[in-house]
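Read off the chains here:
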Amino acid sequence: MRAAVLHRTNESLSIDELPEPLAPEGGVVVRLRAAALNHRDSWIRRDQYGRLRLPCVLGSDGAGEICAVGAGVDGTWMGRRVIIHPSHTWGSDARAQGKEFLILGMPEQGTLAENIALPLSRVEPLPEHLSFREGAALALAGLTAYRAVVSRGELRAGEHVLISGIGGGVATLALVIARALGAIISVTSSSAEKLAAAKSLGASFGANYTTPNWEKELVAQAGRAPTLIIDGAGGDGLNALISCAAPGGRIVLYGATRGVPRAADLHRLFFKQLDLRGTTMGTGDEFRSLVALFAREQLRPVIDQAFPLERINDAMALMEASTQMGKIVIDL
Ligand SMILES: NC(=O)c1ccc[n+]([C@@H]2O[C@H](COP(=O)([O-])OP(=O)(O)OC[C@H]3O[C@@H](n4cnc5c(N)ncnc54)[C@H](OP(=O)(O)O)[C@@H]3O)[C@@H](O)[C@H]2O)c1
């Protein structure tokens, strides 16, 4: 089978011919139809990720059809459309993952390949209204967004939520989820086009985070400060979020694309009685809840564009340039 392999950091991925995987006992082989990129793939390629084991087939997101079943698996699974859990072995404590927690795609084989072998417990039926591309786009970013908005964010219907950097994969899925749950949504972006696109997806207010004092303008537009903020950028921009949040509000941080702040405004953080909450991916139950929510509400992830596997390096370059709105998908 063909697969996109990273042999050395800071180099391009190569398309290699690898042996076909066999269905393990209690498991299946998924003939992947689509995968999707996450910023994690880029951190790994650029040597900015811990405990690297190379060469490796990257990719945490995938959807496809079951093409082989192992011993002990019901034959009715053959041919079924499935979405793959992007992580596993969370552990027994729903509050935080244990040491065994793993994300698909380094060290084990990821989804940027034509086939993948997995235990049956790591696939879910793909909701009928979703295409393979949409299924792939949903997995890792959707799980992260679901836990950030629902479990850690504790979003309530009618609440004003601010989602920063709306062009990002996780951010667009947080918007789709928060809207379905009845939130009033504000967004930030570096791009006027992305702010307009977010409004067509259901955001009510928007501001450009590169403009000084954008947070004051946003609160003035909305007529009230957000009580929940979902952020994956971190960096010095965190202080504007602390300033923007309503007293008693929650800031849920799922990433730090812009690194750590040079000076965090701790005085305002404690004086406003804010909760700063970290979050990472999610449990198996949260993944099933995410898929059920998308099926029940007929939701769809936002896809920027799709590339064939041969153009994997163009797709990676697009993500590293951050010009996308939503997920970058790879057709397999
Ligand atoms: N903890 C987890 O489980 C988890 C899971 C997934 C991702 N992450 C992390 O979350 C971050 C985003 O991941 P992703 O896959 O969604 O990446 P992505 O699709 O590449 O998102 C990048 C987006 O970040 C936004 N951004 C950049 N600088 C910003 C700033 N100063 N303020 C606000 N937004 C800014 C940009 O939005 P605009 O284009 O709108 O300006 C850009 O489109 C990464 O750091 C990633 O490692 C963590």
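Everything numeric in this text was worked out from a predicted model, so none of it was measured.

Trainee: So what exactly am I meant to see when it comes to the sheet that holds strand β4 (residues 56–57) here?
Mentor: Sheets are built from strands paired through backbone hydrogen bonds, the pairs being either parallel or antiparallel. Ordered by their spatial adjacency, 3 strands build an open sheet running β2-β1-β4, and the pairing between neighbours is antiparallel. Here the strands that pair on one side only, and so sit at the sheet edges, are β2 (14–17) and β4. The pairing of strand β1 (residues 2–6) with β2 spans 4 bridges and is antiparallel. Across the sheet, A3 pairs through a bridge with D16, a residue of β2.

Trainee: Teacher, can you tell me more about the nonpolar core here?
Mentor: As a rule of thumb, soluble globular proteins bury nonpolar side chains together. By size, the foremost hydrophobic cluster in this structure holds 97 residues, and its most contacted members are V30, A34, I163, A174, L175, A178 and I330. Here the element with the most residues in this core is helix α2 (residues 132–152); it accounts for 12 residues. Here this core spans two domains, and each of domain 1 (2–140 + 287–331) and domain 2 (144–278) adds at least three residues to it. With sequence-adjacent residues up to four places away left out, A34 is seen in contact with A63, F132, R133, G135, A136, V329, I330, D331 and L332.

Trainee: Would you explain helix α4 (residues 192–200) in this entry?
Mentor: The periodicity of an α-helix, 3.6 residues per turn, causes residues three or four positions apart to be oriented the same way. The complete set of buried residues in α4 reads K194, A197 and A198. With its buried residues spanning 100° around the axis, α4 presents them on a single face. The exposed residues of α4 that point more than 90 degrees off its buried face are A192, E193, A196 and S200. Where α4 is buried, its residues contact α3 (169–180), β12 (184–189) and β13 (205–208). Just downstream of α4, G202 is the residue with a positive phi angle, here 120°.

Trainee: So what exactly am I meant to see when it comes to the domain arrangement of the protein chain here?
Mentor: It is common to report an interface's size as the accessible area lost on association of the parts. Domain annotation of the protein chain identifies domain 1 (2–140 + 287–331) and domain 2 (144–278). For domain 1 versus domain 2, the separation of C-alpha centres amounts to 27 Å. Contact residues are listed per partner, giving 15 residues for domain 1 and 13 residues for domain 2. Sort the elements by how many residues they give to the side of domain 1 that touches domain 2 and helix α8 (residues 284–297) lands first, with 4 residues. A class-by-class count of the residues in the side of domain 1 that touches domain 2 yields 7 nonpolar, 6 polar and 2 charged.

Trainee: For this particular structure, what's the right way to read the site of the ligand?
Mentor: Taken together, 33 residues are adjacent to the ligand, and G165, G167, G168, S189 and G255 come closest. Elements with a minimum of two residues in the shell around the ligand: α1 (39–45), α2, α3 and β12. Residue classes in the shell around the ligand are distributed as 11 nonpolar, 19 polar and 3 charged. Built from parts of two domains, the shell around the ligand gets at least three residues from each of domain 1 (2–140 + 287–331) and domain 2 (144–278).

Trainee: I tried to follow α2 on my own but got confused; where do I start?
Mentor: An ideal rise of 1.5 Å per residue puts 30 Å on 21 residues; α2 measures up with 28 Å between its terminal C-alpha atoms. Once α2 ends, the next one or two residues include E154, with phi positive near 50°.

Trainee: Just checking my understanding: could you explain the sheet that holds strand β11 (residues 160–163) for this structure?
Mentor: What the 6 strands build is an open sheet, ordered β13-β12-β11-β14-β15-β16; its pairing is parallel. The sheet terminates laterally at β13 and β16 (275–278), the two strands that pair on one side only. Adjacent strand axes in the sheet meet at a mean angle of 20°, parallel and antiparallel pairs treated alike. Pairing of β11 with strand β14 (residues 228–231) involves 3 bridges; the strand directions are parallel. In the strand pairing of β14, I163 is matched with I230. Contacts from helix α5 (residues 214–222) reach β11, β12 and β13 within the one sheet, and its direction differs from that of β13 by about 165°.

Trainee: Whenever I open this one, the pairing of β1 confuses me. Can you help?
Mentor: For β1, the buried fraction is high: 4 of the 5 residues fall into the buried class. Relative to β4, β1 is paired through 2 bridges, and the arrangement is antiparallel. Counterpart to V5 in the pairing with β4 is V57.

The rules behind the values
- Residues numbered from 1 in each chain as written.
- Predicted model: local features only at pLDDT ≥ 70, side-chain atom pairs only at ≥ 80, totals over all residues.
- Pairing = 2+ DSSP bridges.
- Helix = DSSP H or I, 4+ residues; strand = E, 2+ residues; numbered from the N terminus.
- Core = buried A, V, L, I, M, F, W, Y, C linked by C-beta atoms within 7 Å.
- Buried ≥ 20, exposed ≤ 12 C-beta atoms within 10 Å, placed from the backbone.
- Domains from an automatic or database assignment.
- Contact = placed C-beta atoms within 7 Å.
- Arc of directions from axis to C-beta.
- Nonpolar A, V, L, I, M, F, W, Y, C, P; charged D, E, K, R; others polar.
- Near = placed C-beta within 6 Å.
- Expected span 1.5 Å × (residues − 1).
- Axes fitted to C-alpha atoms, helices over the stretch in contact; angles between N-to-C directions.

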